[in-house]
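Next come the chains, spelled out residue by residue.
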Amino acid sequence: QLVLVMTLLPMAAVGERWGYRTVYIAGLGLFVVGGVLCYFAPSFPLLLVARGIQALGASAITAITTALIRGIFSDAHLGKALAAHSVVVSTANAFAPALGGLIVSLFDWRFESLAMLQHIRELERAYGVGPHTISMPRLEPASGADMASEPPQPVSDIDFRKIVAILRLAVPYTGMIMSTRETAN
């Protein structure tokens, strides 16, 4: 997140200089390369480097979104448009992992996964783009949480791997945020 936030403004400036399409495609490429490097990272330090590359790519994509908003709205409406965009992005980042965890814990995960894939397909059909990240929370036992100790729709380790594999194959350009509550061991 730090790399993403630190490079947003420079990426917007690069987008204006080199063109939005060029920077968007380069950002998408960096994001994909970073994802592949994350998958094959043999150590934690190399995983951090790969995540930094991914964040740099995400920064390019995100910065272009802001630049496009600037190009669409007049000066009179620009502040409101940027504010609305910021509220939507911030709200989604704040609530997506918790809401996803709740949905996965209360209902069969297969329905939520299929619905998400259908939503992604529709975004790609209608707008030519899909999400740049998907949050995949995993509810695990937590002290003092009755629902976490006995979730109504538990996701086994094998099913969790299936979810990750299906999402990776169905939406290869998308970053995945996986949150878990595991023991220290």
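Asks: Please clarify how the overall build of the chain should be interpreted in this entry.
Replies: Looking only at helices and strands, the chain has seven helices and two strands in total. Counting over 185 residues, the chain shows a buried share of 28%. The long-range fraction of contacts in the chain, counting pairs at least 24 apart against all pairs at least 6 apart in sequence, stands at 67%. When the accessible surface of the chain is summed, it comes to about 12200 Å², and 67% of that surface belongs to carbon and sulfur atoms.

Asks: Explanation requested: the side chain of Ser59 in the structure shown.
Replies: Here Ser59 is to be found in helix 3 (residues 44–72). Ignoring any residue separated from it by four or fewer positions in sequence, one finds Ser59 in contact with Leu4, Thr7, Leu8 and Met11.

Asks: Could you clarify how one ought to interpret the packing of helix 2 (residues 20–40) against helix 3 in this entry?
Replies: How two helices sit against one another is set out by the angle between their axes and by the gap between those axes. Across the interface, helix 2 lies against helix 3 with an axial gap of 7 Å and an inter-helix angle of 155°. Classified by the angle their axes make, helix 2 and helix 3 are roughly antiparallel. The way helix 2 lies across helix 3 gives a crossing that is left-handed. When grouped by side-chain class, the residues that make up the contact of helix 2 with helix 3 number 18 nonpolar, five polar and two charged.

Asks: Honestly, the packing of helix 1 (residues 2–18) against helix 2 in this entry has me stumped. Any pointers?
Replies: Here helix 1 crosses helix 2 at 130°, and the two axes come no closer than 6 Å. Considered as vectors, helix 1 and helix 2 are oriented oblique to each other. Here helix 1 contributes Met11, Val14, Gly15, Glu16 and Trp18 to the contact with helix 2, which in turn contributes Tyr20, Thr22 and Val23. By residue class, the composition of the contact of helix 1 with helix 2 is five nonpolar, two polar and one charged.

Asks: Hey, could you run me through the nonpolar core in this one?
Replies: For soluble globular proteins, nonpolar side chains are generally found buried alongside one another. Counting seven residues, the largest nonpolar core is built from Ile120, Ile134, Val155, Phe160, Ile163, Val164 and Leu167. In terms of residue count, helix 7 (residues 157–170) provides more of this core than any other element does, four residues in total. Among the nonpolar cores identified, the runner-up in size contains six residues, and Val23, Ala60, Ala63 and Ile64 belong to it.

Asks: Before we go on, may I ask you to explain the environment of Phe40 in this structure?
Replies: Looking at the secondary structure, you find Phe40 in helix 2. It is 9.4 Å that separates the C-alpha atoms of Phe40 and Ala50, two residues lying 10 residues apart in sequence.

About the cut-offs
- Residues numbered from 1 in each chain as written.
- Predicted model: local features only at pLDDT ≥ 70, side-chain atom pairs only at ≥ 80, totals over all residues.
- Heavy atoms only, no water.
- Helix = DSSP H or I, 4+ residues; strand = E, 2+ residues; numbered from the N terminus.
- Buried < 20%, exposed > 50% of the residue type's maximum accessible area, 1.4 Å probe, protein only.
- Contact = heavy atoms within 4.5 Å.
- Areas by Shrake-Rupley, 256 points an atom, 1.4 Å probe, with all protein chains shown as cover.
- Axes fitted to C-alpha atoms, helices over the stretch in contact; angles between N-to-C directions.
- Parallel < 35°, antiparallel > 145°, perpendicular 65-115°, else oblique.
- Left-handed = near helix turned anticlockwise from the far one by under 90°.
- Nonpolar A, V, L, I, M, F, W, Y, C, P; charged D, E, K, R; others polar.
- Core = buried A, V, L, I, M, F, W, Y, C linked by side-chain atoms within 4.5 Å.

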